Structures are given as structure tokens and as C-alpha cells.
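# A closer look at the structure
Below are the chains, spelled out letter by letter.
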There are 2 protein chains.
Amino acid sequence: MIQAKGYAVDGPESKFEPFSFERRDLGASDILIEIHYCGVCHSDIHQARNEWQNSIYPMVPGHEIVGRVAKVGSEVSKFKEGDIGGVGCFVDSCRTCENCNDGFEQFCQKHLALTYNGTEMDETTPTFGGYSSQIVVDENYALKISEKQNLAAVAPLLCAGITTYSPLKRFNVRAGQRVGIVGLGGLGHMGVKLAVSMGADVTVFSTSPSKEPDARNLGAHNFVVTKDPQNLEPLVGKFDFILDTVSAAHDLNMYLNLLRTNGAMVIVGVPDKPAEVYAFSVIGNNRMLAGSMIGGIPETQEMLDYCAKHNITSDVETIPIQKIEEAYERTVKADVRYRFVIDMQSLSEEV
Amino acid sequence: MIQAKGYAVDGPESKFEPFSFERRDLGASDILIEIHYCGVCHSDIHQARNEWQNSIYPMVPGHEIVGRVAKVGSEVSKFKEGDIGGVGCFVDSCRTCENCNDGFEQFCQKHLALTYNGTEMDETTPTFGGYSSQIVVDENYALKISEKQNLAAVAPLLCAGITTYSPLKRFNVRAGQRVGIVGLGGLGHMGVKLAVSMGADVTVFSTSPSKEPDARNLGAHNFVVTKDPQNLEPLVGKFDFILDTVSAAHDLNMYLNLLRTNGAMVIVGVPDKPAEVYAFSVIGNNRMLAGSMIGGIPETQEMLDYCAKHNITSDVETIPIQKIEEAYERTVKADVRYRFVIDMQSLSEEV
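What counts and what doesn't
Residues numbered from 1 in each chain as written. Chains lettered and ligands numbered in written order. Predicted model: local features only at pLDDT ≥ 70, side-chain atom pairs only at ≥ 80, totals over all residues. Heavy atoms only, no water. Contact = heavy atoms within 4.5 Å. Buried area = accessible area lost by both parts, 1.4 Å probe. Salt bridge = Lys/Arg side-chain N within 4 Å of Asp/Glu carboxyl O. Pairing = 2+ DSSP bridges. Helix = DSSP H or I, 4+ residues; strand = E, 2+ residues; numbered from the N terminus. Axes fitted to C-alpha atoms, helices over the stretch in contact; angles between N-to-C directions. Right-handed = clockwise from strand over helix to strand, strands pointing away. Parallel < 35°, antiparallel > 145°, perpendicular 65-115°, else oblique. Nonpolar A, V, L, I, M, F, W, Y, C, P; charged D, E, K, R; others polar. Domains from an automatic or database assignment. Least-squares fit on C-alpha atoms with pLDDT ≥ 70 in both. Patch = residues over 30% accessible without salt bridge, like charges linked within 9 Å, V, L, I, M, F, W, Y side chains within 5 Å. Areas by Shrake-Rupley, 256 points an atom, 1.4 Å probe, with all protein chains shown as cover. Lys, Arg positive; Asp, Glu negative; His and termini not counted. Charge placed at Lys NZ, Arg CZ, Asp CG, Glu CD. Buried < 20%, exposed > 50% of the residue type's maximum accessible area, 1.4 Å probe, protein only. Left-handed = near helix turned anticlockwise from the far one by under 90°. Disulfide = S-S within 2.5 Å. Polar contact = N/O pair within 3.5 Å; in protein donor to acceptor, adjacent residues only side chain to side chain.

Another point: the interface of chain A and chain B. On the side of chain B, 35 residues touch chain A, which itself brings 35 residues to the contact. Around 2900 Å² of area is buried between chain A and chain B when both sides are counted, 59% of it from carbon and sulfur atoms. A per-residue breakdown of the area chain A buries against chain B is headed by P274, I283 and N286 of chain A, which together make up 20% of the total. Between the two partners, chain A and chain B, sit 2 salt bridges.

All right, on to the sheet that holds strand β10 (residues 178-182) of chain B then. If you walk across this open sheet you meet the 12 strands as β12(A)-β11(A)-β10(A)-β13(A)-β14(A)-β16(A)-β16(B)-β14(B)-β13(B)-β10(B)-β11(B)-β12(B), and the pairing is mixed. In this open sheet, the two strands that pair with only one neighbour each are β12 (222-225) of chain A together with β12 (222-225) of chain B. Strand-to-strand twist across the sheet, computed as the mean angle between neighbouring axes with direction ignored, equals 20°. As defined by bridge partners, strand β13 (residues 239-244) of chain B adjoins strand β14 (residues 259-267) of chain B across 5 bridges and the pair is classed as parallel. When the sheet's bridge partners are listed, F241 of chain B is paired in β14 of chain B with A264 of chain B. With respect to the sheet, helix α4 (residues 160-170) of chain A is in contact with β13 (239-244), β14 (259-267) and β16 (288-291) of chain A together with β14 and β16 (288-291) of chain B, its orientation differing from that of β13 of chain A by roughly 160°. Running over the sheet, helix α4 (residues 160-170) of chain B touches β14 and β16 of chain A together with β13, β14 and β16 of chain B and is turned about 160° from β13 of chain B.

What follows is about the pairing of β12 of chain B. All names here are of chain B. Bridge count between strand β11 (residues 201-206) and β12: 4 bridges; the pairing is parallel. In the strand pairing of β12, V204 is matched with F223. Handedness of the crossover is the feature at issue here: the chain leaves β11, passes through helix α6 (residues 212-217), returns alongside β12, and the resulting connection is right-handed.

Our focus in this paragraph is the packing of α4 of chain B against helix α9 (residues 297-309) of chain B. Residues and elements named next belong to chain B. Two numbers describe how α4 lies on α9: the axes approach to 10 Å, and their chain directions differ by 95°. Considered as vectors, α4 and α9 are oriented roughly perpendicular to each other. Together, G161, I162, Y165, S166 and K169 of α4 and E299, T300, E302, M303 and Y306 of α9 make up the contact between the two elements. Classifying every residue of the contact of α4 with α9 gives 4 nonpolar, 3 polar and 3 charged.

Further remarks concern the domain arrangement of chain A. All names here are of chain A. In terms of domains, chain A is made up of domain 1 (2-159 + 295-349) and domain 2 (161-291). For domain 1 versus domain 2, the separation of C-alpha centres amounts to 28 Å. Each partner contributes residues to the interface: domain 1 has 18 residues there, and domain 2 has 19 residues. The contact between domain 1 and domain 2 buries some 1600 Å² in all, and 55% of this surface belongs to carbon and sulfur atoms. Inspection of the domain 1/domain 2 interface yields 2 salt bridges. In this structure, the salt-bridge partner of R337 is D214, at a minimum N-O distance of 3.4 Å.

Each copy of the sequence occupies a distinct position, and chain A is placed on chain B by a rotation of 180° and an axial shift of 0.0 Å, giving an RMSD of 0.0 Å. On the angle and the small slide along the axis, the relation comes out as a two-fold axis. When the interface residues of chain A are mapped onto chain B, 100% of them are again interface residues, pointing to one common binding face.

Taken together, the side chains of D251 and E276 of chain A together with D251 and E276 of chain B present a region of like negative charge at the surface. Here D251 of chain A shows up in the loop between β13 and α7 (253-256). Residue classification places D251 of chain A among the partly exposed residues on the basis of a relative accessible area of 36%.

A few words now on the packing of α4 of chain B against helix α5 (residues 186-197) of chain B. Residues and elements named next belong to chain B. Axis separation between α4 and α5 bottoms out at 8 Å; the angle between their running directions is 50°. Judged on the interaxial angle alone, α5 and α4 are oblique. Crossing handedness for the pair α4 and α5: right-handed. Residues A160, G161, T163, T164, Y165 and L168 of α4 lie in contact with α5, whose contacting residues are G186, L187, M190, G191, L194 and A195. Here the contact of α4 with α5 is built from residues that sort into 7 nonpolar, 5 polar and no charged.

This brings us to the state of the cysteines. Here the structure, examined in full by the defined rule, presents 0 disulfides over all chains. Left unpaired, C41 of chain A is separated from the closest cysteine sulfur, that of C159 of chain A, by 4.0 Å. Accessibility expressed as a relative area gives 8% for C41 of chain A, which makes it buried. C159 of chain B takes part in no disulfide bond, and the closest cysteine sulfur to it belongs to C89 of chain B, at a distance of 3.9 Å.

This part is about the side chain of N117 of chain B. Residue and element names in this part refer to chain B. Position of N117 relative to the elements: it lies in the loop between β7 (113-114) and β8 (134-138). Only 3.4 Å separates the side chain of N117 from the backbone oxygen of N54, close enough to count as a polar contact. Separated by 2.7 Å, the side chain of N117 and the backbone nitrogen of I56 make a polar contact. With residues up to four places along the chain from it excluded, the contact list for N117 reads Q47, N54, S55, I56, M59 and T127.

In this structure, P58 of chain A follows Y57 of chain A across a cis peptide bond, with omega equal to -5°. The omega torsion across R337 of chain B and Y338 of chain B is 0°, close enough to zero to call that bond cis. Here Y338 of chain B is to be found in the loop between α10 (324-332) and β18 (339-343). Of note in the backbone geometry, N117 of chain A takes a positive phi value of approximately 55° without being a glycine. With relative accessibility at 6%, the residue N117 of chain A sits in the buried group.

For S77 of chain A, the position within the fold is in the loop between β4 (65-72) and β5 (84-87). We classify S77 of chain A as exposed; its relative accessible area is 66%.

All names here are of chain A. Applying the stated criterion across every chain yields a total of 32 salt bridges over all chains. With a closest N to O distance of 3.0 Å, D335 and R330 form a salt bridge. Salt bridges sharing partners connect three or more residues here, namely R24, D30 and E120.

Laid out in C-alpha cells, this is it:
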């Protein structure tokens, strides 16, 4: 076994502490990644604190992982030592069901091995995430990453990037279209960058007037403060596509009404209460309300290649692992523009 | 002006009475249709009884109109005297907005002249529907109908047919797909016939076990009684497309969960309360919840041509206009298989 170290929480109320654990020895198709950076996703916080009531402790969170390939198994073909590799929200799936065959591993009908707070395909062995020194992963569930980009800023693409890229691509967002992004956080800021890169005319909807300069710096063409519903009235029926990145419960009808004929709105957040949807909000203009959940391995690779080509990364604030508690507090207060990324060098400097 | 007669209600509580009124003289692009048959849509009842709180009285309902072209205006090119013509849910629109230009007249951004309980483009002159002897309509808002089919059975295609055809076509329902139809009434029975004709494997979801033989006669391959939610469990993730024709408030999540990856469910009914939609019902499997409202003129013509080619009509019970009150009572009790159609001959036989 390979000795690894990381930071773990031991229960919903506990603080992060240094944690030693083992990664499996490399199988024939495995690679060993020395983790350089790991993004801090809001879902890390929900799970560390057992807010989804499904936490397994001790927990090493982290599913926005980028690092250098230190070793490859005997049958690995996609990577060689020294390459940059990434790991996203899952590390394995059944590989035989319809969804796995179609490249939608995230919807595996048998078992999805989440990168952390999950289990391997034996449905027993716990998985540990990216707040750690290294990870062993089957090459088929690792992503190839360009060496040319800022790797800290690439890390959040593995979750925030694919979560926003996938619905934009699925609904064929393109030049000449009017696109709305609801909420400007870790997901929303990626949505803006990606939609702008696809040529769309992008409007950010936010409750915070103070975010307008940021929205415009990210490339947004318009900014609408949603606290006053009157601001939305002139926009009814004007949008081809809306990506709603807000996780808190909120009214979907007011955004659905902004869609033109055959327009679609996609939600990627999961509020704890159901949304009340009026039939006429979708029947009028033949509208669609869709959901989207991260993306499969082929599309995640496509997204990374797209971002490398278009020089798109996340706006990040890099922190040492020792500041993870502070980063959680600030993330909960939305006091980050727009993603914390842990520099794992800080872990190796610990005694 | 042209003298017409029909049956009208004078208020939400009033009974239908014979009613004399005028149709406009033919303009250059108008045609005069002598109405042979008019379907009885559930929305006729809602409006006759002011259940949508927007009724204009006296009201002559009816928007599933089929008859013979008796006269054509000087510039009419699509019809000649003696042709069979139809009129659906609307008789005019602005013809210049984006939706009109795109063939989605039903979503006209200026004014949609509904066939009855509406106003002409002057937004003043009331419109009267198909429970009447004849109608004058611009040829651009009339549909061409094959002489070869049973015209009484064609009438409901003008509303029930297009309402179900449009979403099936929009989501490209085809052979090899598994399709669900929720509810077996006027809309649902057309949904079954159309989806079967497109080659899909069709399952009817109904609360009434007694409808199974009918469902199978209509061509459905499977029938699921929804009163026991356990019946749905083995079907989770199995459907490519679901058409939900139920107008009463009901749980959408149980049907959304039946959709496979990228599957879509379309609702065409408008319950008086909003639906509670769980985010995970659409985020899981990247599902879509869409709405659909009748169809534009080009697609309605396409549907009629399709039905003529595939020999599809509605299952109807033909009644004389004098039995309209009884037909309303039975429609409300769902005691019709599956659409009442008024034979307008009964009107001309009145003194």
C-alpha cells in the first residue's frame, strides 16, 4: 500500500486535522497522481458537516484535483510519468450499464464510486478525496490536463467547470443567443466565462448589486439586480437559455418567464425544498426546465480541452491546507472570488 | 354581413340556447366554411362556465372545426369552393412578430385572436366559435383537410391532435423508444395513437384499471395502474419520453423519475395549482420538464397531413347540438370515449 497524508474531519462538528491513510498499490490500469492543487467546492462543506445526512467519517474531502502523474500501471496508455492529470467527482463506475457505455458515468445504474464520502466498486472500501498528498485512480477515470495553464486555476474546472459547460453544450449555446446566468458564485462565474466564450450575449442575474463590476470583468454584457422583480419585466420572452446556479430555494417561474419560444432553463443547484412550478411557466412559449449533474468522463475531457484552447480557468484564491477552516467560513459567507484552491505543497511542508 | 346561427351561453350559469349572429363579409383573403362538425373540448366547458375567470358572453364555443369551403375571397389561393377546411384554436395573429414569423402563431407577441371567447385583431370585436353554422376566416389561419377521412373524427385533431403531435415531434419520438402517456382522455388517446404510429413502445399510465382494454385497442403496448406507486418502481429510468395529459393537480416527480438519461416529460394540462418539482427529479439523469401549447399553423397542417397519411383520427361520439348540455355533463365525468363531436346538420334542421 502507498502511505498518503491529508486533512480529514472526524464528525460533523469536528475540525480538520492531519490524517494518515493508505492508497492502494497500483493496478495495471491505475495511475498515481501527486496532488498539487485541490479546489474547495461548496459540496465539500455540506458533506464535511453532514448536511446531506450521508457522511462517512473520517472524511478527506476534495473532488477538484490536479497533479503530476508520478507512476503508471503496466497497462496504462493514456498517461506517462510526468504528465498532468486530474480527478473530478468520481473515480469509478460499473463500465457496463447503458449510461456508462454512453459516457454518462455520473448516472451509472449500478454504483458510482464518488471521489470521497463514497465507496469503491466493492461498495465497502471508503474513498478519500483530494485534500491529500496523492491519489491512485484508474486511468479511465482520470483526465488529461494541459501543462500550459495555471494548474491552481484549472482545478475547479473538474467540478464547477464541467457542471456549467455540460448544460451550455447540451443546449447548443452559441453566438447570436441571449443567455442568462443566475447567481455569481463558484458555478456562476464559470458559467459566465464559458457562455461568453461560446459567443452568447450574457446577462448575469444577481441579488447583489455589488457584483456588477465583477460580472462585467468576467465578460458579462448585462447585469440585472433581481431584488426588484420590475427589473425583469422588460426581459420577458427574451432569453434563449438560462443557467440557474443558485442552490438556495428560490422562485423559478420568474426566470422561466424570461425564456423565448422553445427556450430552456437548466438548474444545477439542489435546494432542500421542491420548487413550485406553474404549468403556464413552461406551457407558455413551449419552455423547458431541465436539470444537469456534472458530466461524464468524455465530456469532462472535452471541457478541459476546450478551456485549454480558449484559455479559460477559474478565478481562484490559493490557500495552504492549514487555512481550510477559514476558507470554509468564508465560502459559506460567499466571501471568495470565486473559488478557494488548496496548494498541497503546504501539506508536504508539515512535519 | 353573413347571417349565422349557433348555440351560445349567456353567462356562467346559463344553459345553451339557439343564437343568431353575424359573420363578416368575405375579405380578399377570407374563406367561408360551412361547418359540418365541431369537437367538444374540455376547455369549452371551462370557458362556458367562466372557470378561467376570463369569459366573454354571449359565448359560442368550439375550436375543433371542420367543414366545406362555400365561398372564397378574391385573392384566396390555398382553397377553392368545395374543399374541406378546418379551423383550430385561433383565427388570426399579428403576422409580424418573431413567433408569427417562425410559425409559432400561438405565442404571438402582440395579440392572438382566439377562435372564440377572444377578440379579432382590433382587440374589440368578439370572436364566435364552431358551435355554429358557418365561419369566416383568413385562409392563412385555415387548415386543408383530406376528403378521405371521416370528417367527424378529424375535427378533434384541430386541438387534441396538434396538442399531442407537437411535443411528440419536437422531442423526435421514434421507433426504438419507450414512451409513456399519462392519462387516457381526449388528449391521451390521441397521444397513444400518434406515439404508436411513430413506432414507439407505448405505455399508458392511468388511475383507472378499467381503461386497460381501451388502451390496448388504441395500440398501447403496456398499461400501468398508477394508484399503487409500487407499480412504477421497476420503471424508474426506463422512458425516453413521457407526455402528461392530465389537467388535475398531480405529482410530477414520480413520472420524472421514470425518465432515462436526457429524457423529457412534457405537460400539456394546466392545473390550478403549481407543481412541486424536486431539483433532483430533473438533475438526476439530466432530465427535462417541458410544456407545450397546441401548435402553429405550419405544424398543424403537418399534423393533419400526417394523420391523413397514417389514417389516424379521433375516437368520437357524434351528437346533435341539442344534446350539448348532456355532452358537457358526461365530459366532466370522463364518460366519453374519447371526444364528443357535434354534427352541425342538427342545427340546420332547427326551425
